[in-house]
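Okay, here's what each chain looks like letter by letter:
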Amino acid sequence: MFYSYEFIFVFLPAVIWIYFIFDRHYKIGSYWLLLASIIFYVWNDLRALPVLIASVIINYLFGILLSGSFKRSKFILTLGLIFNIGLLGFYKYAKFFAENVNYLTGCEIPVINIIMPAGISFFTITQIVYLVDCYQGVTNEKNIFDYALFVTFFPHLLSGPIYQHKNISKQFKNAEAHKINWENISKGITLFIIGLAKKVFIADSFTTYVAQGFNNPAGLTLINGWLCAVCFTIQLYFDFSGYSDMAVGMSRVMNINIPVNFNSPYKAYGIIEFWSRWHISLTNTITNYIYTPIVMSFKKITFAKAMTATFLAMLIAGIWHGAGWTFIIFGALHGIGLVFNHVWKKYKLFMPRPLGYLLTGLLILCANVFFRASSVSNALEIFRAMIGLNGVKLSGIASHLDILGLSTLLDIYLGTSGIILSRNAELIFKAVKFLLRAPFLAVLIIYFCPNSNQIVDKLKCSWRSVIMISVLLYLSLYFFNGVADFLYFQF
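Scoring rules and cut-offs
- Residues numbered from 1 in each chain as written.
- Predicted model: local features only at pLDDT ≥ 70, side-chain atom pairs only at ≥ 80, totals over all residues.
- Heavy atoms only, no water.
- Helix = DSSP H or I, 4+ residues; strand = E, 2+ residues; numbered from the N terminus.
- Contact = heavy atoms within 4.5 Å.
- Areas by Shrake-Rupley, 256 points an atom, 1.4 Å probe, with all protein chains shown as cover.
- Buried < 20%, exposed > 50% of the residue type's maximum accessible area, 1.4 Å probe, protein only.
- Polar contact = N/O pair within 3.5 Å; in protein donor to acceptor, adjacent residues only side chain to side chain.
- Axes fitted to C-alpha atoms, helices over the stretch in contact; angles between N-to-C directions.
- Parallel < 35°, antiparallel > 145°, perpendicular 65-115°, else oblique.
- Left-handed = near helix turned anticlockwise from the far one by under 90°.
- Nonpolar A, V, L, I, M, F, W, Y, C, P; charged D, E, K, R; others polar.
- Expected span 1.5 Å × (residues − 1).
- Phe/Tyr/Trp six-rings, centres within 6.5 Å; stacked < 30°, edge-to-face > 60°.
- Salt bridge = Lys/Arg side-chain N within 4 Å of Asp/Glu carboxyl O.
- Patch = residues over 30% accessible without salt bridge, like charges linked within 9 Å, V, L, I, M, F, W, Y side chains within 5 Å.
- Core = buried A, V, L, I, M, F, W, Y, C linked by side-chain atoms within 4.5 Å.
- pLDDT = per-residue confidence, 0-100.

> Give a detailed account of the overall build of the chain, specifying residues and quantitative values.
The secondary structure content of the chain amounts to 23 helices and 0 strands. Excluding contacts between residues fewer than 6 apart, the proportion of contacts in the chain whose partners are at least 24 apart in sequence is 76%. Approximately 23,500 Å² of the chain is accessible, and the part contributed by carbon and sulfur atoms is 68%.

What follows is the structure, encoded as structure tokens:
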């Protein structure tokens with residue numbers, strides 16, 4: 001994993017070092033990246049390697065057919081789409097489908113617990129995009145090893161960002177990308193460390209509290225119901241944006257530019273703007289490969305039909321995230337929000353900016369409750385608590401204070417009474433974690449601080465910046481114990 005000692009101090013340095021050793025023989029360097037990516041995947045999920053290899057080989061062959069004598073063949077493209085959707089459906093949705101058919105019809109279709117291969121949603125959608133591009137004549141790949149590297153490149157393999165072959169393959173084949181660029185190395189390392197700190201300091205500090213709330217929603221009251229929803233929304237952002245920063249950062253070290261996935265999405269005024277800032281590579285994929293084909297399927301495009309396509313595209317995006325009614329509702333809520341936002345803009349209706357920010361935030365918050373909940377009934381229990389139907393138990397206020405970090409603050413106060421803080425490293429670590437774990441301070445970071453890419457772009461190399469980043473890395477390593485998996489690994 002990106003946040004393990006083995007990855008940071010052994011795997012990644014070895015990959016980068018050998019990659020640059022072959023700067024004069026850049027093809028060997030590319031094949032080394034392919035081997036390293038396979039090792040990375042095997043390290044995470046050995047049992048799923050045959051699925052990944054089969055998917056790569058079969059999609060490569062479909063791509064060859066679409067680029068050769070069968071160029072622009074709808075039949076070949078359809079077969080390719082059926083294969084990929086079928087593969088994803090079998091591993092990700094077979095159990096959900098069987099359970100619902102059994103419930104609705106009374107049948108007894110066997111429900112088998114199938115182990116879902118790591119990253120299948122991302123390497124499948126990447127290859128679907130590739131086949132469509134081949135069909136449209138936008139791109140093609142003759143070399144199977146180059147194609148395999150495009151699919152399996154380890155920074156993006158498990159959770160994206162989603163990229164297109166035409167944009168990434170030429171970078172692997174560019175000899176200049178295999179030469180050391182100190183500016184890219186410094187900025188890439190900085191972005192990687194910032195992403196690591198987002199994950200370790202902020203996202204993971206909410207893991208236990210959020211899990212307790214969603215696992216026992218009936219025990220939530222008004223205050224901790226809202227805190228639970230807000231904390232998960234914060235956790236999801238810092239967890240996934242942290243992963244994306246680390247992926248973009250380590251790729252940049254190797255002079256490979258993969259898409260930036262986040263641009264301060266919680267600062268969005270409307271849900272349209274939110275999706276232009278959140279999981280940007282997915283938004284572009286939805287627009288180009290789901291929304292546009294749906295719209296173009298209509299003989300005459302009208303605003304109503306465009307809104308229908310918008311809703312359906314988001315519904316499909318919700319289903320892509322996971323097998324469950326909660327994800328369907330998640331996609332539907334965002335689809336409805338986008339439709340209302342487009343209607344509001346079309347008719348130029350007035351919306352006070354504070355109200356716009358509030359409604360956008362509430363929609364994101366409510367959708368995220370379904371996104372995290374294990375079932376629809378679980379999500380509804382949380383909403384029941386959030387509207388006060390479970391009461392407001394002041395006796396449980398201690399748990400609210402704890403998640404706000406005030407118990408840690410009390411520990412610091414008691415520990416520093418009569419003691420010089422700089423002489424007690426343990427208290428410094430407690431202070432740092434307190435500052436970054438408190439929800440209201442995390443919100444301040446989200447709304448009032450520049451995002452990680454803005455920080456890196458403006459950062460100038462100096463001893464001061466080197467010391468700051470080194471301290472951030474040291475503190476991140478110190479808090480490695482108890483680090484949870486990235487949330488998007490389950491997709």
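So, next bit.
> With reference to specific residues and values, describe the environment of P293.
Looking at the element boundaries, P293 is found in helix α13 (residues 280-296). Note: C-alpha distance between P293 and A313 (20 residues apart in sequence) is 9.9 Å.

> Could you give me a rundown of helix α6 (residues 144-152), with the residues and numbers involved?
The element α6 is largely enclosed, with a buried count of 7 among its 9 residues. Residues of α6 that are buried: D146, Y147, A148, L149, F150, V151 and T152. Where the residues of α6 are buried, they touch α2 (26-45), α3 (49-67), α5 (120-135), α7 (154-157) and α8 (165-172). Where α6 begins, the capping side chain belongs to N143, and its oxygen is found 2.8 Å from the backbone nitrogen of F145.

> Just give me the short version of the packing of helix α15 (residues 325-346) against helix α16 (residues 353-372), but keep the residues and values in it.
Running from amino to carboxyl end, α15 crosses α16 at an angle of 165°, the nearest separation of the two axes being 8 Å. Overall, the two elements α15 and α16 adopt an arrangement that is roughly antiparallel. Of the two possible hands of crossing, α15 and α16 adopt the one that is left-handed. Each of T326, F327, I329, F330, L333, H334 and G337 in α15 lies in contact with α16, whose residues at this interface are L363, I364, C366, A367, N368, F370 and F371. Here the residues of the contact of α15 with α16 sort into 10 nonpolar, 4 polar and no charged.

> I'd like a rundown of helix α9 (residues 182-202), residues and numbers included.
Owing to its 3.6 residues per turn, the α-helix aligns residues three or four sequence positions apart on the same side. Look at α9: 29 Å from first C-alpha to last across 21 residues, which is about the 30 Å you get at 1.5 Å a residue. Among the 21 residues in α9, 17 count as buried, and that is most of the element. Two to three positions downstream of the cap, the backbone nitrogen of E183 sits 3.1 Å from a side-chain oxygen, assigning the N-cap of α9 to N181.

> Quick one: what's the story with the environment of R353, residue by residue and with numbers?
Tracing the sequence through the fold places R353 in helix α16. On a C-alpha basis, the gap between R353 and G270 in space is 9.3 Å, while along the polypeptide they are 83 residues apart.

> Residue-level account of the packing of aromatic side chains, with values.
By the definition in use, this model includes 38 aromatic pairs. For the ring pair Y237 and F262, a centre distance of 5.9 Å and an interplane angle of 80° mean the geometry is edge-to-face. With a gap of 25 residues between them, Y237 in helix α11 (residues 222-253) and F262 in the loop between α11 and α12 (271-277) connect regions that are remote in the sequence. Judged by its relative accessible area of 7%, F262 falls in the buried class. Ring centres of F240 and F262 lie 5.3 Å apart, and the angle between their planes is 90°; this geometry places the pair in the edge-to-face category. Residue F240 is located in helix α11, and its partner F262 is located in the loop between α11 and α12; the two are separated by 22 residues in the primary sequence. Accessibility expressed as a relative area gives 1% for F240, which makes it buried.

> Lay out the side chain of S476 with the relevant residues and their values.
Among the secondary structure elements, S476 is positioned in helix α23 (residues 463-478). Within the structure, the side chain of S476 is placed 2.8 Å from the backbone oxygen of L472, a separation counted as a polar contact. When residues no more than four places from it in sequence are discounted, the contact partners of S476 are L196, A197, V200 and F201.

> Account for the pattern of salt bridges, naming residues and giving values.
Inspection of every chain in the model, using the stated rule, returns 7 salt bridges. Across the pair K173 and E141 runs a salt bridge, and its minimum N-O distance is 2.9 Å. Placement of K173 in the loop between α8 and α9 and of E141 in the loop between α5 and α6 is noted, with a sequence separation of 32 residues between them. For K179, the salt bridge is made with E176, and the minimal N-O distance between the two is 3.4 Å. Three or more residues are tied together by salt bridges with common partners; here these are K199, D204 and D239.

> Can you tell me about unusual backbone geometry, naming the residues and giving the values?
Residue P161 is reached from G160 by a cis peptide bond, and omega for that bond is 5°. Mapping P161 onto the fold places it in the loop between α7 and α8. The backbone phi angle of S264 is positive, close to 50°, even though this residue is not glycine.

> So what's going on with a nonpolar patch on the surface? Which residues, and what values?
On the surface, W226, L355, L358, L359 and L362 cluster together into a nonpolar patch covering about 410 Å² of accessible area. Looking at which element gives the most residues to the nonpolar patch, the answer is α16, with 4 residues. Following the sequence through the fold, W226 ends up in helix α11. The class for W226 is partly exposed, based on a relative accessible area of 33%.

> Lay out the side chain of E141 in plain terms, naming residues and giving numbers.
The class of E141 is buried, set by a relative accessible area of 4%. A polar contact of 3.1 Å, which involves the side chain of E141, links it to the side chain of H165. Ignoring sequence-local partners within four residues, the contact set of E141 consists of Y60, I64, Y130, D146, Y147, H165, S169 and K173.

> Provide a residue-level description of the nonpolar core, including the pertinent values.
Formed by 129 residues in total, the largest nonpolar core has its most connected members in F7 and F154. Broken down by element, this core gets its largest block of residues, 16 residues, from α11. Not counting chain neighbours up to four residues away, the residues in contact with F7 comprise M1, F2, L12, P13, F40, F154, F192 and M250.

> Now, about the confidence of the model for the chain: what can you tell me, with residues and values included?
For the chain, mean pLDDT is 86; residues scoring 70 or higher make up 88% of the total. Taken together, the stretch residues 419-423 has pLDDT below 50 and engages in 4 contacts with residues farther than four places along the chain or on a different chain.

> Give a detailed account of the packing of α5 against α6, specifying residues and quantitative values.
The contact between α5 and α6 brings their axes to 9 Å, and the two run at 130°. Regarding the angle of α5 to α6, the classification is oblique. Every residue of α6 that contacts α5 at F123, T126, Q127 and Y130 is listed here: Y147, F150 and V151. Of the residues contributing to the contact of α5 with α6, the split by class is 5 nonpolar, 2 polar and no charged.

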